[in-house]
Amino acid sequence: MKLIILNDYDQVGEWAAKYIRNKILRFNPGPARFFILGLPTGGTPLGCYKKLIEFYRNGEISFKYVKTFNMDEYVGIPRNHPESYHSFMWNNFFKHIDIQSENTHILDGNAANLIEECDSFEQKIKAAGGIDLFVGGIGPDGHIAFNEPGSSLMSRTRVKTLAQDTILANARFFDGDMSKVPTMALTVGVATVMDAREVMILITGAHKAFALYKAIEDGVNHMWTVSAFQQHPQTVFVCDEDATLELRVKTVKYFKGMMHVHNKLVEPLPPK
Amino acid sequence: MPSNKSVSDAPITQFVNCRILREHKLQREDLWVREGKILDPEKLFFDEKGSADQRVDCEGLIIAPGFIDVQINGGYGIDFSQATDDVRGGIALVAKKILEHGVTSFLPTLVTSPPDIYHKVLPEVKVHSGGMEGAGVLGFHLEGPFISLEKKGAHPEQHLRSFLSDGMSDLIETYGTLDNVAMVTLAPELPNSQSVVRELTQRGITVSLGHSVANLSQAEDAVRYGASFITHLFNAMLPFHHRDPGIVGLLTSDQVPQGRTVFYGMIADGIHTNPAALRIAHRAHPTGLVLVTDAIAAMGLPPGRHTLGQQVIEIQGLHAYVAGCRVEEALEAASLHPAQLLGISHAKGILDYGGDADLVLLDDALNVRATYIAGQEVWRKLHHHNC
């Protein structure tokens, strides 16, 4: 694992966006060869999306030959509900860039057959050739996507009932009314993300610190599903100072000492 | 790239680099148009897998809904209250010219006239949509003749009328027809007016109070029967008095039925109404303000010069005179509020998805740079690129 420790939320967003940008540019996608990106929603990646939009506006990057697969979507709320993940992706990312709609994939929480929808999503990832880089966040309970504590580390895309904690945390987006929060979601499984060729997890804020500790300093455990990525050969964790508050000083010093090496990954690429 | 044609294969236009008036605020958002209507780009993206066929770069301009003028008596030498040989041509000429001021729909207004004028003029013009030829006609505004003698203003005294025992038949006999009539201004203190107000309202015609000496109680009665507009507030009515505010008191009356709004027209040229009075009205009831030109035949110097009674000056005037009035409020007073008054705000006066794409592009000083009807550019100020 690479652990990238930056000062604050904004720096995390910027570093992550540069990393994604460089990955895409190095891959050099084209009409016969798309870059496949897995994407999250929520507060953590917003800064990263803003920066990517900036890079697109500057002409540094195009999303014309990028395909995206989102991690999850609520079940049972209208697609154009302001809190749906479709709305999130449209308003915070897709509408600002040059990505083609047919190249975006978000699970349909209103599908007639939810299980078929999940299976079909897995098929689509396979048909696209697998995911080159899956970007994700982490919940305070250490979950990746909606793989709540207790989710199998071998799980695939499926329907999940949301944990009480998650519903509580989401109530603020539904007028503070818990009864309005969806109780189920479709989500990629832990193994679905593990199948990606590379994984990048963004973690910011002190409230995520314990989850980060459990994810990288404790054992692989289905109660903290992000810990599964200890067994992935190519994982990058990008976090801010506050998120490191529960880590050992030794861990933090080790990875901070590597920053001069890791920062090379986000330097602007030489023009062709 | 066009859509997958599951809904339509008509071309899609995306206005970029603009600020649009939506939800009472100017927002940095793109505006999408297809087949003359505002399009929901999120639906286009996810349902139709579509994108724009052409982009229009607005270079930072404001996009507001096209202005709607509910009181305009003529202009450019045309007087709507004349039964000329070419009534249609006269209306068409004014309709074309007002595009330059961002007006995309209007109510040609007739002042108090003898019956034969109404009988000759009204059948000549039907409600119709605008386009390249000019702004759309939403119907006639008949201001008089059922108004008060003491408040006739510039109306000819000899043609004023009052209602006989059956008000409606008297009214229909005077006008000849109510087809293509969108609004009638009358004085509610005239005996037998209540049934007229009620019937006109039931027929979907907006009833406006004006040229009247009604007291507040009479005005409130009329509102209860369906009246929803005040013709040029302050002018041709009793002045506000603290023991009987008269028609002006409707702005803050607690007798207005729930869910209904009383709108009021203002000629905001700084001359018909003192700016301080305009501000009092606006602060008392900001959501009811409707800007009108009440323009007359003499309006209309060559394009680019602004005189009394022209919509743009009104807006600028409102902006200049009403300190603390936001740009958005001024724009809504010329678009959203008249649309709400006429009951057409699902289609006009808004930039919501599904609404008609009647647009006006403005710079920060609220000068009109371009006008669109049903998504088609119908006027553009020369010597400016793109929008």
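Named according to an unreviewed UniProt entry, chain B is N-acetylglucosamine-6-phosphate deacetylase originating from Esox lucius. Looking at the Pathway (unreviewed entry) heading of the UniProt record, one finds this comment for chain B: "Amino-sugar metabolism; N-acetylneuraminate degradation."

The name given to chain A in an unreviewed UniProt entry is Glucosamine-6-phosphate isomerase, and the organism recorded there is Esox lucius. Turning to chain A, the UniProt record has this under Subcellular location (unreviewed entry): "Cytoplasm". Under Sequence similarities (unreviewed entry), UniProt gives the following word-for-word description of chain A: "Belongs to the glucosamine/galactosamine-6-phosphate isomerase family."

Before going further, it helps to examine the overall build of chain B. Counting its secondary structure elements, chain B contains 10 helices and 21 strands. Against the compact-globule benchmark of 21 Å for 387 residues, chain B has a radius of gyration of 21 Å, which places it among compact chains. Dimensions of chain B, computed from the C-alpha atoms along their principal axes, are close to 65 × 45 × 40 Å. Within chain B, counting contacts between residues at least 6 apart in sequence, those at least 24 apart form 70% of the total. Per element, the accessible surface of chain B, about 15,600 Å² overall, is 51% carbon and sulfur. Positive and negative side-chain charges of chain B, numbering 31 and 45 respectively, have mean locations separated by a distance of 3 Å.

Describing two packed helices takes the angle between their axes plus the distance from one axis to the other. Residues and elements named next belong to chain B. With their axes 8 Å apart at the nearest point, helix H4 (residues 167-175) and helix H5 (residues 193-202) run at an angle of 65 degrees to one another. Every residue of H5 that contacts H4 at Gly167, Met168 and Leu171 is listed here: Val196, Glu199 and Leu200. Here the contact of H4 with H5 is composed, by residue class, of 4 nonpolar, 1 polar and 1 charged.

All names here are of chain B. Here strand S4 (residues 31-34) shows a buried face lined by Leu31 and Val33 and a second buried face lined by Trp32 and Arg34. As paired strands, strand S1 (residues 12-16) and S4 are joined by 4 bridges and run antiparallel to one another. Looking at S4, one finds that Ile12 is bridged to Arg34. Between S4 and the antiparallel strand that follows it, strand S5 (residues 37-38), lie 2 residues; Glu35 among them carries a positive phi value of about 50 degrees.

Residues and elements named next belong to chain B. Under the UniProt annotation, the feature "binding site: Zn(2+)" (unreviewed entry) is placed at Glu143, His211 and His232. On the basis of their most widely separated C-alpha atoms, the annotated residues across 90 residues gather in one place, lying no more than 11.0 Å apart. Contact partners of Glu143, with chain neighbours within four places excluded, come to Gln71, Asn73, Thr109, Leu110, Val111, Thr112, His155, Thr185, His211, Thr231 and His232. Positionally, His211 belongs in the loop between strand S15 (206-209) and helix H6 (216-225). Classification of His211 as buried rests on a relative accessible area of 3%. Every residue in contact with His211, bar those within four places of it in the chain, is listed here: Glu143, Ile147, Ser148, Lys151, Lys152, Gly153, His155, Ala187, His232 and Ala236.

Calculation rules
Residues numbered from 1 in each chain as written. Chains lettered and ligands numbered in written order. Predicted model: local features only at pLDDT ≥ 70, side-chain atom pairs only at ≥ 80, totals over all residues. Heavy atoms only, no water. UniProt positions renumbered as here; feature names shortened; annotations may be inferred. Helix = DSSP H or I, 4+ residues; strand = E, 2+ residues; numbered from the N terminus. Rg over C-alpha atoms; globule rule 2.2 N^0.38 Å. Contact = heavy atoms within 4.5 Å. Areas by Shrake-Rupley, 256 points an atom, 1.4 Å probe, with all protein chains shown as cover. Lys, Arg positive; Asp, Glu negative; His and termini not counted. Charge placed at Lys NZ, Arg CZ, Asp CG, Glu CD. Axes fitted to C-alpha atoms, helices over the stretch in contact; angles between N-to-C directions. Nonpolar A, V, L, I, M, F, W, Y, C, P; charged D, E, K, R; others polar. Buried < 20%, exposed > 50% of the residue type's maximum accessible area, 1.4 Å probe, protein only. Pairing = 2+ DSSP bridges.

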